[in-house]
Amino acid sequence: PLSAEQLMNLSQPFFMDLWKAYAFFVTFSNEHNWKPTLPTSELSFSEANLSPLERWIFSTLQSTLRGLHEALQGCRFHQAVALIEEWVKQLTHIFLPQMHQFFWDAQAPQEANEVFNNLHYLLSALSRIIAPFAPFIAEEIYQNIVRTYDNDAPASVHLASFPTLEPDFEDEELNREIAFILHL
């Protein structure tokens, strides 16, 4: 069995990455005085206005959700946690650094608003995905980015529904192409 210290050392990078993604969103959305335009129950994303990198992060979210459903139905919790960790790594180490530059360069408020809406969608989904595994941090993220803006949203992340799989947004070819580029 793992000691408490060993367990903490294994989980610390995940929680640091998770908090980095959350802090990134909060920092830039506050700096730009961003507010969501739709209630959380109506959050969605449109593939039409997405950059290839945005399409990729949404596609990998769908792949992750598909894998999570399979892992959780088979009671393979270690596999579910590994899928979540991998997606959070992709979000924080690949997607967010590119978006960071976008926020510094963003000239058009509408473009910045769309990116904030997409990131809000991703983090809202992430808070619901991690809720069974990291209940307190999931609740903190959910309360700040969902409940702050939407009083009609469920009172707790633990009462909110798990994100649904939207297979139309899963693009295996794009996932493979980006994985190839990242491997170079």
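Details of the structure are given in the entry above.
Since this is a predicted model, take the numbers as computed values, not measurements.

## A look at helix 6 (residues 172–183)
Here helix 6 is 12 residues long and its end C-alpha atoms lie 16 Å apart, about the 16 Å a rise of 1.5 Å per residue gives. Where helix 6 is concerned, the buried positions are Leu174, Asn175 and Ile178. Buried residues of helix 6, seen end-on, are gathered within an arc of 100° and therefore sit on one face of the element. In helix 6, the exposed positions that point more than 90 degrees away from the buried face belong to Arg176, Phe180 and His183.

## So, the nonpolar core
Counting residues in hydrophobic clusters, the biggest one holds 49 residues, and the most contacted among them are Leu91, Phe95 and Leu122. Mapped onto this core, the elements with two or more residues apiece are helix 1 (4–31), helix 2 (52–73), helix 3 (77–105), helix 4 (109–130), helix 5 (135–147) and helix 6. Per-element tally for this core: the top contributor is helix 4, with 11 residues. Ignoring any residue separated from it by four or fewer positions in sequence, one finds Leu91 in contact with Ala21, Ile57, Leu96, Leu122, Leu123 and Leu126.

## Observations concerning the pattern of salt bridges
Considering all chains together, one arrives at three salt bridges under this definition. Among the ionic pairs, Asp17 bridges to Lys20, the shortest N-O distance being 3.9 Å. Note that Asp17 and Lys20 are positioned in helix 1 at a spacing of three residues, about one turn of the helix. Overall, Asp17 belongs to the buried group, its relative accessible area being 10%. Taking relative accessible area as the criterion, Lys20 reaches 42% and is therefore assigned partly exposed. Between Glu170 and Arg66 there is a salt bridge; the shortest N-O distance is 2.5 Å. Residue Glu170 is located in the loop between helix 5 and helix 6, and its partner Arg66 is located in helix 2; the two are separated by 104 residues in the primary sequence. According to the relative accessible area criterion, Arg66 is partly exposed, its value standing at 31%.

Cut-offs applied
Residues numbered from 1 in each chain as written. Predicted model: local features only at pLDDT ≥ 70, side-chain atom pairs only at ≥ 80, totals over all residues. Heavy atoms only, no water. Helix = DSSP H or I, 4+ residues; strand = E, 2+ residues; numbered from the N terminus. Expected span 1.5 Å × (residues − 1). Buried < 20%, exposed > 50% of the residue type's maximum accessible area, 1.4 Å probe, protein only. Arc of directions from axis to C-beta. Core = buried A, V, L, I, M, F, W, Y, C linked by side-chain atoms within 4.5 Å. Contact = heavy atoms within 4.5 Å. Salt bridge = Lys/Arg side-chain N within 4 Å of Asp/Glu carboxyl O.

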